Amino acid sequence: AALLERIERIDPALNSFISVTGEQALNAAERADSARQQGKAGALAGLPLAYKDIFCTEGVRTSAGSRMLDNFIAPYSATVVDKLERAGLVSLGKTNMDEFAMGSSNENSWYGPVKNPWNSELVPGGSSGGSAAAVAAGLVPAALGTDTGGSIRQPAAFCGITGLKPTYGRVSRYGMIAYASSLDQAGPMARSAEDCALLLNAMAGHDPRDSTSVSRAVPDYSRELDKPLDGLRIGLPAEYFGEGLDADVEKAVREAVKVYESLGARVIDVSLPHTGMAIPAYYVIAPAEASSNLSRFDGVRFGHRCDDPASLEDLYKRSRAEGFGEEVKRRILIGTHTLSEGFFDAYYRKAQQVRRLIRQDFLDAFDKVDVLMGPAAPTTAFKLGAKADPVQMYLQDIYTIAVNLAGIPGISIPAGLVGGNHPTDHRPVGLQILGPHFGEAHLLNVAHVYQ
Ligand code: GLN
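This is a predicted model, so every value here is computed, not measured.

### Digging into the packing of helix H8 (residues 278–293) against helix H10 (residues 326–339)
Put simply, H8 and H10 touch, their axes get as near as 7 Å, and they point 100 degrees apart. By the criterion of interaxial angle, the relationship of H8 to H10 is roughly perpendicular. Contact residues: H8 offers Val284, Pro287, Ala288, Ala290 and Ser291, while H10 offers Arg331, Ile332, Ile334, Gly335, Thr336, Thr338 and Leu339.

Below you can see the structure in the form of structure tokens.
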């Protein structure tokens, strides 16, 4: 109840929530209380959290940040939502996001931009900007995000919290509104790696309703958090410290790496030679998958429908023209073009070949080192409206996107503040730590020892 009051007081300025489900939350909290009294409650029972508005939640609006789904009440819950509910977590509502998770600043939302809690002139990052801002502002101790090309790690970095993108297939995608299905992965955003570990324990695992989820056993992610880091081999990819990286971000990241050295780690220079191709490959593959996934929003089955259609064709055209925002339309056009006959080999097939090379870069690096470290983003949080050019915005993803193309896990943790002397000039920096497929337990351990 105290948090609901805090949301009511603070969120009108922040805009981190699209829907607050106060009544349901109070009922769920009561159920968790009585379970505890009967000695039946688990470790997470009663813990409040919020879901990015891309996770279907039964009986609650699930908008994906789009006018298209402004009227959509999900008839069922995503598998992760079910799992967390069964663990006793209490949802306070649904958080703001870039429309259909397309964006890096949360400015593409039909519900308006989110403000960064550190400074209201700055963006919170995106696309899980509402989740990051809500956690950073102390409105919820934890939130769920999704990461297709950095959408958990970059907003976590901009808001000074911890965010984990698990290995592709570790967490079920069932009931998560699809953006680019071969890249999308849900993950926890919280104040510490320890909290992320507890959430991942409850989220991970095989789901028969998602054929890309893997049946590999789920370890206890909390068990190895304190393991000493003696002898840890840290790789610093040359490509993650090159042109385009802000000097103050680089300095903060290198200082964090020094802390690891003082804890017994060894630093090794490595190279991920195909890094430069990650953004072009991603912006072929993701829009291609998106154009296919978004074809279901036709104004007939669910979602926005235009007034007085003159014909079926008119219904499709106007419903989609009115329902989708500018960035979403841009991606549908790109995706439809690259998949069309005559262009498929030149774009989509090429991009898939590049994807394989990028994955191999990481596999080669993990032959030599245990983890890779670098910045989560080339800059700290920028001003609202500062990146009006879409290509400038896409460059935000330079250190995050290859990770999704390769399917490996990554975490962003706070690595200090940069900026002026006044508290409102402080901007958080995110240290990104990457590991081999299914290396989440080790990543969380490496993150926790620093924290
Ligand atoms: N910024 C990237 C995009 O717009 C990544 C988004 C995401 O991870 N959902 O596609």
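### Side note on the environment of Asn293
Structurally, Asn293 can be placed in helix H8. We classify Asn293 as partly exposed; it has 18 C-beta atoms within 10 Å. The sequence separation of Asn293 and Ser181 amounts to 112 residues, and the corresponding C-alpha distance is 8.2 Å. Apart from the residues lying within four places of it in its own chain, the contact partners of Asn293 are Ala178, Tyr179 and Ser181.

### A short note on the site of the ligand
Residues in close proximity to the ligand total 13 residues, the closest being Ala101, Ser104, Thr148, Gly149 and Ser151. Its residues assigned to classes, the shell around the ligand comprises four nonpolar, seven polar and two charged.

### Some remarks on the packing of helix H6 (residues 193–203) against helix H14 (residues 440–450)
Here H6 crosses H14 at 155 degrees, and the two axes come no closer than 9 Å. One element, H6, and the other, H14, form an angle in the roughly antiparallel class. Considering only the axes of H6 and H14, their crossing is left-handed. From H6, Ala193, Glu194, Cys196, Ala197 and Leu200 reach across to H14, where they touch Glu440, Leu444, Ala447 and His448. Of the residues that constitute the contact of H6 with H14, the class distribution is six nonpolar, one polar and two charged.

### Let's talk about H6
Within H6, 10 of the 11 residues are buried, which leaves the element mostly enclosed by the surrounding structure. Buried residues of H6: Ala193, Asp195, Cys196, Ala197, Leu198, Leu199, Leu200, Asn201, Ala202 and Met203, and no others. Tucked into the core, H6 has its buried residues touching helix H3 (79–86), strand E4 (142–147), strand E5 (162–165), strand E6 (185–190), strand E10 (410–418) and H14.

### Comments concerning helix H7 (residues 247–262)
For H7, with 16 residues, the first-to-last C-alpha span of 23 Å sits near the 22 Å given by 1.5 Å per residue. Residues of H7 that are buried include every one of Val249, Ala252, Val253, Ala256 and Tyr260, and no others. Down the axis of H7, the buried set is contained in an arc of 95 degrees. They therefore lie on one face. Along H7, exposed side chains directed more than 90 degrees from the buried face belong to Ala247, Lys258 and Ser262. Considering only its buried residues, H7 is in contact with strand E7 (233–237), strand E9 (371–375), E10, strand E11 (427–434) and H14. Downstream of H7 by a residue or two, Gly264 has a phi angle that is positive, lying close to 105 degrees.

### Some thoughts on the sheet that holds strand E3 (residues 90–95)
Taken in spatial order, the 11 strands make up an open sheet running E1-E3-E2-E4-E6-E5-E10-E11-E9-E7-E8, and their pairing is mixed. If you trace the sheet from one side to the other, it starts and ends with strand E1 (17–20) and strand E8 (266–270), each paired once. Looking at each pair of strands side by side, their axes are set apart by 30 degrees on average, direction ignored. Pairing of strand E2 (residues 48–52) with E3 involves five bridges; the strand directions are parallel. Following the sheet pairing, Leu49 is matched in E3 by Ser91.

### Topic: the confidence of the model for the protein chain
When pLDDT is averaged across the protein chain, the result is 96; 100% of the residues are at 70 or more. Model confidence for the complex is summarised by a pTM of 0.97, with the ipTM given as 0.97.

### A look at the UniProt feature "active site" (unreviewed entry) in the protein chain
UniProt's entry tags Lys52, Ser127 and Ser151 with the feature "active site" (unreviewed entry), counted in the numbering of this structure. In sequence the annotated residues extend across 100 residues, while in space they remain close, none of their C-alpha pairs exceeding 10.9 Å. Among the secondary structure elements, Ser127 is positioned in the loop between E3 and helix H4 (129–136). Residue class for Ser127 comes out buried when judged on the 34 C-beta atoms lying within 10 Å of it. Setting aside residues up to four positions removed in sequence, Ser127 forms contacts with Met97, Asp98, Ala101, Met102, Gly103, Asn106 and Ser151. Among the structural elements, Ser151 can be located in the loop between E4 and helix H5 (153–159). If we skip the residues at most four places from it in the chain, Ser151 touches Ala101, Gly126, Ser127, Ser128, Gly145 and Thr146.

Reading the values: rules and limits
- Residues numbered from 1 in each chain as written.
- Predicted model: local features only at pLDDT ≥ 70, side-chain atom pairs only at ≥ 80, totals over all residues.
- Axes fitted to C-alpha atoms, helices over the stretch in contact; angles between N-to-C directions.
- Helix = DSSP H or I, 4+ residues; strand = E, 2+ residues; numbered from the N terminus.
- Parallel < 35°, antiparallel > 145°, perpendicular 65-115°, else oblique.
- Contact = placed C-beta atoms within 7 Å.
- Buried ≥ 20, exposed ≤ 12 C-beta atoms within 10 Å, placed from the backbone.
- Near = placed C-beta within 6 Å.
- Nonpolar A, V, L, I, M, F, W, Y, C, P; charged D, E, K, R; others polar.
- Left-handed = near helix turned anticlockwise from the far one by under 90°.
- Expected span 1.5 Å × (residues − 1).
- Arc of directions from axis to C-beta.
- Pairing = 2+ DSSP bridges.
- pLDDT = per-residue confidence, 0-100.
- UniProt positions renumbered as here; feature names shortened; annotations may be inferred.

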